[in-house]
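Inside the fold
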Amino acid sequence: MTRHYSALSLVKEGLKGQKGWAPAWTSPQPKPRYDMVIVGGGGHGLATAYYLAKTHGITNVAVIEKGWLGGGNTGRNTTVVRSNYFFPESVRLYDMALKLYEGLSRELNYNIMLSQRGMISLAHTPAEMEMAARVVNAMQINGTDAELFGPGDVKRVLPVYNFGPKARYPALGGVWQGRSGTARHDAVAWGYARAASALGVDILQQCEVQEFLIEGGRCRGVKTSRGEIRADRVGLAVAGHSSQMAAKAGFRLPVTSYALQACVSEPVKPILDTVVLSPGAGTYASQSDKGEMVVGGGLDRIPSYGQRGNLPVLETVISGLVEMFPSFRQLKLMRQWAGIVDVAPDSSPIIGESPLPGLFLNCGWGTGGFKAIPAGGTLLAHLLATGQHHDISRPFDLDRFARGRLIDEAAGSGIAH
Amino acid sequence: MQIFSCPFCGPRPEYEFHFGGDLGNHRPEGFDAVPDQKWADYLYFRNNPKGMAREVWMHLTCGEMFSMTRDTVTMEAAPGEALAEGQP
Ligand SMILES: Cc1cc2nc3c(=O)[nH]c(=O)nc-3n(C[C@H](O)[C@H](O)[C@H](O)COP(=O)(O)OP(=O)(O)OC[C@H]3O[C@@H](n4cnc5c(N)ncnc54)[C@H](O)[C@@H]3O)c2cc1C
Ligand SMILES: [Zn+2]
């Protein structure tokens, strides 16, 4: 069986008719007991299992997924990775993720197709330019790369932009982060799953967690559609379903679930080689390797668990896009979809032990947790393995709400994604 | 386009409405005597139910708040009801 991926193994397998490839991960029967159980087989859950095994040597671990791996937001997102946040706590978190992403294809022996093509967050008014300068200064002080772009720079990276005299969204400049870009979402989930499975982690798909086993005021495992599974510690990484699971564990969370939508066009020849975001127009876009324009925007402002997305937001997104890129008017949309994202009041994630001892949280990533997967996994694994916060996750504990120590990125960097 | 029904103006498109939170999330009385966790609960923690939800909404065009029962999965919404004095 061939397990390692390389040019050499590709040639060898090609000569043997591609018959010798081992499955990327195994699908074992659930065991009655593990050291640790992770609920949710998205990027954060799978990365947590991988780092538990890799960094902490804890391999008696199961990841429990009700559907298929990456079938939640990890396989539905627009794949933008970046670390252009405002507060030092956030920059440390997202820069940790970006640095790990930079070495991830090699570490996992799986091509996650990281493309650091740079991202421009546009400013359309003098006031927005001043805010852009403020964000750039903050990012530089926090030690991550950022550049303030003027109109000439925008012209250089976005030649197809509407620079006409009547443009509704004139481009005065913006925040540029050269290390930002995109990565292949499925590959991130599959790469972590494959590497975790190789280290002995059990990946259980089509297995829904229905209840928590609570004994003596502690979480002792989970009740699933495939039977009871006991564990010393349980990690919860279920994104939009966090409140629902919290209710089963007897507490509430400061999150609201909303639909976030995206769409892709038909594939066309290369025309856009950066990621472009306009907070003003409420639109962002990048071009995929296949040539499709991948387009997204803001949340549907109606709390929802229906994975569909509404028309007014789609209309805002598309009208913003065609105003900025008139040539895109001819594009035909191929698909539109939505994922259910868990949004915290300060648009920052929640990482820490839950009010139910033994149950640990990784949620609240809202519209922007794909870029954070390697860090979310590292930090939840650290918590599960040691029972203690990593320095970087400490400020993101659930206790920040009662302490009034919010990390308000919605106000700080005006984050969309 | 989803249509919601304001108890004062009747059926209107969804973008005229603003979500106002869980019905019955009242501000705790007692100011300094209220423990931090209770303030946090009122300010930040949410029911966020999957399925039937009882919520407060605002119709932006007339400025009135009202209550609405809604299914967060099917998005079915009953007509809004005026908030009554002493309602939970
Ligand atoms: C349209 C869209 C665009 C986005 N764009 C970006 C972007 O460009 N950049 C970015 O950084 N982020 C983006 N995001 C956000 C990002 O996708 C998420 O924050 C991230 O994928 C969350 O990962 P996760 O592993 O926590 O959750 P998910 O990938 O959602 O995984 C959670 C898993 O838990 C499972 N689950 C739920 N309940 C149970 C249960 N009871 N038992 C077992 N399993 C359960 C679900 O089936 C799911 O697979 C976007 C999101 C959407 C929807
Ligand atoms: Zn009205």
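Computed from a predicted model, the values in this text were never measured in an experiment.

Our next topic: the overall build of chain A. The helix and strand tally for chain A stands at twelve helices and 18 strands. Overall size of chain A, expressed as C-alpha extent along the three principal axes, is 70 × 65 × 40 Å. In chain A, which comprises 417 residues, the proportion classed as buried is 58%. Put simply, of all contacts in chain A between residues at least 6 apart along the chain, 75% involve residues at least 24 apart. Carbon and sulfur atoms form 54% of the exposed surface of chain A, whose accessible area is close to 16,500 Å². Once the 42 positive and 34 negative side-chain charges of chain A are each reduced to a mean point, those two points are 4 Å apart.

Residue and element names in this part refer to chain A. Two numbers describe how helix α2 (residues 43-56) lies on helix α7 (residues 185-198): the axes approach to 8 Å, and their chain directions differ by 30°. Judged by the inter-axis angle, α2 sits roughly parallel to α7. By crossing handedness, the relation of α2 to α7 is classed as left-handed. Across the interface between the two elements, Leu46, Ala47, Ala49, Tyr50 and Tyr51 from α2 touch Ala189, Tyr192, Ala193, Ala195 and Ala196 from α7. Across the contact of α2 with α7, the residue classes tally to ten nonpolar, no polar and no charged.

On to helix α3 (residues 88-102) of chain A. In a regular helix each residue adds 1.5 Å, so 15 residues correspond to 21 Å; α3(A) covers 21 Å between its end C-alpha atoms and thus fits that length. When α3(A) is considered as a whole, its buried residues turn out to be Ser90(A), Val91(A), Leu93(A), Tyr94(A), Asp95(A), Met96(A), Ala97(A), Leu98(A) and Tyr101(A).

A separate point is the coordination of the zinc ion (ligand 2). Residues and elements named next belong to chain B. Cys6 (SG), Cys9 (SG), His59 (ND1) and Cys62 (SG) make up the full set of protein donors to the zinc ion (ligand 2), lying at 2.0 to 2.3 Å. The sequence motif formed by the donor residues of the zinc ion (ligand 2) is C-x2-C-x49-H-x2-C. You can call Cys9 partly exposed: its relative accessible area is 29%.

Once that is clear, we can look at the pattern of salt bridges. Residue and element names in this part refer to chain A. Taken as a whole, this structure holds 21 salt bridges over all chains when the rule is applied. Put simply, Glu215 and Arg230 hold a salt bridge, and the shortest N to O gap is 2.9 Å. Of the two residues, Glu215 is situated in strand β9 (residues 209-215) and Arg230 in strand β11 (residues 227-236); the sequence distance between them amounts to 15 residues. Assessed through its relative accessible area of 35%, Glu215 is described here as partly exposed. You can call Arg230 partly exposed: its relative accessible area is 30%. The network of salt bridges with shared partners includes Asp95, Lys99, Glu102, Asp145 and Arg179.

Moving on: the interface of chain B and chain A. Of the residues lining the interface, 23 residues belong to chain B; the matching set on chain A comes to 25 residues. A combined buried area of about 2,100 Å² lies between chain B and chain A, and 57% of that area is made up of carbon and sulfur atoms. If you sort the residues of chain B by the area they bury against chain A, Tyr44(B), Phe45(B) and Asn48(B) come out on top, with a joint share of 33%. Linking Arg252(A) and Asp41(B) is a salt bridge whose minimum nitrogen-to-oxygen distance equals 3.3 Å. By residue class, the composition of the side of chain B that touches chain A is eleven nonpolar, five polar and seven charged.

Turning our eyes to something else, we now look at the packing of aromatic side chains. Under the counting rule described, the total for this entry stands at 20 aromatic pairs over all chains. Both rings, one in Tyr161(A) and one in Phe163(A), keep their centres 5.3 Å apart while their planes meet at 55°; by these two values the pair is tilted. Residue Tyr161(A) is classed as buried on the basis of its relative accessible area, which comes to 5%. Given the relative accessible area of 28%, Phe163(A) is considered partly exposed. Taken together through their ring pairs, the aromatic side chains of Phe4(B), Phe17(B), Phe19(B), Trp57(B) and Phe66(B) make up a single cluster. Sitting above the plane of the Phe163(A) ring, Lys155(A) keeps its charged end 4.9 Å from the centroid. Over the aromatic face of Tyr258(A) sits the side chain of Arg301(A), whose NZ or CZ is 6.0 Å from the ring centroid.

Listed under "domain: Rhodanese" (unreviewed entry) in the UniProt record, and renumbered for this structure, are residues 37-80 of chain A. From the first C-alpha to the last, residues 37-80 of chain A spans 29 Å; its make-up is 32% helix and 18% strand.

When pLDDT is averaged along chain B, the result is 95; 97% of the residues meet or exceed 70. As a predicted assembly, this complex carries a pTM of 0.96 together with an ipTM value of 0.96.

Thresholds, definitions, all that
Residues numbered from 1 in each chain as written. Chains lettered and ligands numbered in written order. Predicted model: local features only at pLDDT ≥ 70, side-chain atom pairs only at ≥ 80, totals over all residues. Heavy atoms only, no water. Helix = DSSP H or I, 4+ residues; strand = E, 2+ residues; numbered from the N terminus. Buried < 20%, exposed > 50% of the residue type's maximum accessible area, 1.4 Å probe, protein only. Contact = heavy atoms within 4.5 Å. Areas by Shrake-Rupley, 256 points an atom, 1.4 Å probe, with all protein chains shown as cover. Lys, Arg positive; Asp, Glu negative; His and termini not counted. Charge placed at Lys NZ, Arg CZ, Asp CG, Glu CD. Axes fitted to C-alpha atoms, helices over the stretch in contact; angles between N-to-C directions. Parallel < 35°, antiparallel > 145°, perpendicular 65-115°, else oblique. Left-handed = near helix turned anticlockwise from the far one by under 90°. Nonpolar A, V, L, I, M, F, W, Y, C, P; charged D, E, K, R; others polar. Expected span 1.5 Å × (residues − 1). Donors = N, O, S within 2.8 Å, 3.2 Å for Na, K, Ca; no water. Salt bridge = Lys/Arg side-chain N within 4 Å of Asp/Glu carboxyl O. Buried area = accessible area lost by both parts, 1.4 Å probe. Phe/Tyr/Trp six-rings, centres within 6.5 Å; stacked < 30°, edge-to-face > 60°. Lys NZ or Arg CZ within 6 Å of the ring centre and 35° of its normal. UniProt positions renumbered as here; feature names shortened; annotations may be inferred. pLDDT = per-residue confidence, 0-100.

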